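# Chains, contacts and geometry: an overview
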Amino acid sequence: MEKKGNSLLETRRKNRVLIKNSIFRNRNITRTEIAERLCLTKATITTSVNELLREGILEELPLSREALVGSYGRKPVSLAFRAEAGTAVGIELGAYQSRGVLMDMKGRVLKERSAGPANPSYEHMFRELREMIQYLLPEERQRFLGIGIGLPGFIDNEKGVILRSPKARWSGRALARELYKVFREPVHIDNHVRLRAIGQDMIMRDRGITSFAYFFLSRNVSCPMIVQNESLSGSSCGAGALGKVLLSVDHESGVCRSVDELASERALFERCQKLLLEGRAPELQKVLEQEGKLSIDLLLAMEEAGDEIIRGCFRETLRYAGAALANVVNLLNPELVVVDASILQNAMNRGILLEESKKYFYSLNKGVRLLFVPFHKNRGAVGAAYSVIQRNFLDR
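The model shown is predicted, which means the values in this text are computed figures rather than measured ones.

So, how was this worked out
- Residues numbered from 1 in each chain as written.
- Predicted model: local features only at pLDDT ≥ 70, side-chain atom pairs only at ≥ 80, totals over all residues.
- Heavy atoms only, no water.
- Helix = DSSP H or I, 4+ residues; strand = E, 2+ residues; numbered from the N terminus.
- Rg over C-alpha atoms; globule rule 2.2 N^0.38 Å.
- Buried < 20%, exposed > 50% of the residue type's maximum accessible area, 1.4 Å probe, protein only.
- Contact = heavy atoms within 4.5 Å.
- Salt bridge = Lys/Arg side-chain N within 4 Å of Asp/Glu carboxyl O.
- Expected span 1.5 Å × (residues − 1).
- Arc of directions from axis to C-beta.
- Core = buried A, V, L, I, M, F, W, Y, C linked by side-chain atoms within 4.5 Å.
- Disulfide = S-S within 2.5 Å.

## Focus: the overall build of the protein chain
Looking only at helices and strands, one finds 14 helices and 17 strands in the protein chain. Against the globule reference of 21 Å for 396 residues, the protein chain gives a C-alpha radius of gyration of 24 Å, in line with a compact fold. Seen along its three principal axes, the alpha-carbon backbone of the protein chain occupies a region of about 75 × 50 × 45 Å. Here the protein chain holds 396 residues, and 48% of them are scored as buried. By sequence separation, contacts in the protein chain at least 24 residues apart represent 63% of the contacts at least 6 residues apart.

This is the structure:
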């Protein structure tokens, strides 16, 4: 039987969690508004808020003129977390490079670091990861919240274990526990695309958006869901592996092709390489002789310069990507789809994706909103840092 005192302490803890999340997700929120939104008494709000103020976690800010319209008597103040209330390290081991940041409570990047793609050897990767974390750690760890790591594959984010990875030698390793032994700080690992989606949810926290699909097109294609500000995938799931869904079936030959094979950056590279082998991309051959390596930035530059061969490769890739996106919309009927892809940095490609996807939208889904987020190399690392802030600060 639970003791009454323990029950009271747990109730206070839960109220404090609700209050912290309400302050974090609502700009210019006042004590009265928190009480109304959470259906808690003003006395309960005042007690928790005063504790947080004494701890130096919160700050009081004057309301904007717009927010003060209609208020009389003593001017209310809004509440916000101080930037120095907590810091977190976030790292993404991406397909093309690794990125790391040290971030404060207001989402400001205090330090950053980049490295090449993670090594297939687990031991080699671990050494590089340890060096990056060591560089990013703050000098003062009094309010350091922990380390978040995003990486590809199926991750048990509760146990901190890589269940299955595209890099076979990483599978089965308890990465979170091994890093904790080195740094003695909380470590959270998860699929990197899920962390991107969680980070985007935190970035949009004051826009009233609680649910969306996150369409991520990179070397592979994924689409995790955020529902009521939480990732829909379970603790040991991937990130909505849309890339494994079949998009083309030739019944005569028996050849089946997936979204990854037709609509990813990998598919774009393969189309360009095929043209090179056939001698049908002379300009690309000249550029490669100078640059030495095929990259998305190189192809985007040639596309924008008007190379029709390269434009055709982009168009075909985006045609299939549009069909894949339409399948997500028709199946899940989300109000919003956030689209994150380096190949969509220019308006032309965004227009092609929109045009192609809308061809296949079910009539009732034509009102879905697409939000193209600006491509940023730190986006995955920032998402990993935000996940630490959520787990180790807001939800405690």
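## Some points on the pattern of salt bridges
Under the counting rule described, the total for this entry stands at 25 salt bridges. Close ionic contact of Arg 31 with Glu 60 constitutes a salt bridge, the shortest N to O distance being 2.7 Å. Here Arg 31 is found in helix α2 (residues 31-38), whereas its partner Glu 60 is found in strand β1 (residues 58-62), with 29 residues between them in sequence. We classify Glu 60 as partly exposed; its relative accessible area is 40%. One salt bridge in this structure joins Asp 104 and Arg 108, with 3.0 Å as the shortest N-O distance. With relative accessibility at 48%, the residue Arg 108 sits in the partly exposed group.

## Let's talk about helix α3 (residues 42-54)
Under the 1.5 Å per step criterion, the end-to-end length of α3 is 18 Å for 13 residues, consistent within 8% with the ideal 18 Å. Within the span of α3, buried status applies to Ile 45, Ser 48, Val 49, Glu 51 and Leu 52. Seen end-on, α3 carries its buried residues on one side only, within an arc spanning 155°. Exposed residues on α3 whose side chains face more than 90 degrees from its buried face are Lys 42, Ala 43 and Arg 54.

## Comments concerning the nonpolar core
In this structure, Phe 215, Leu 268, Cys 272, Leu 284, Leu 299, Val 337 and Ile 343 are the most contacted members of the largest nonpolar core, which totals 44 residues. For this core, the secondary-structure elements that each account for two or more residues are β10 (212-217), α8 (259-263), α9 (265-277), α10 (282-291), α11 (296-304), α12 (308-332), β16 (336-341) and α13 (347-358). No other element matches the eleven residues that α12 contributes to this core. Every residue in contact with Cys 272, bar those within four places of it in the chain, is listed here: Leu 284, Leu 294, Leu 299, Ile 310 and Cys 313. Counting 29 residues, the second largest nonpolar core, distinct from the first, contains Ile 23, Leu 52, Leu 79 and Val 382.

## Side note on the state of the cysteines
Note on terminology: disulfide describes a covalent bond linking the sulfur atoms of two cysteines. Per the counting criterion, the structure on display carries zero disulfides. Here Cys 272 stays free of any disulfide, with the sulfur of Cys 313 as its closest cysteine sulfur at 3.9 Å.

As far as function goes, none of this settles anything; it's purely spatial.
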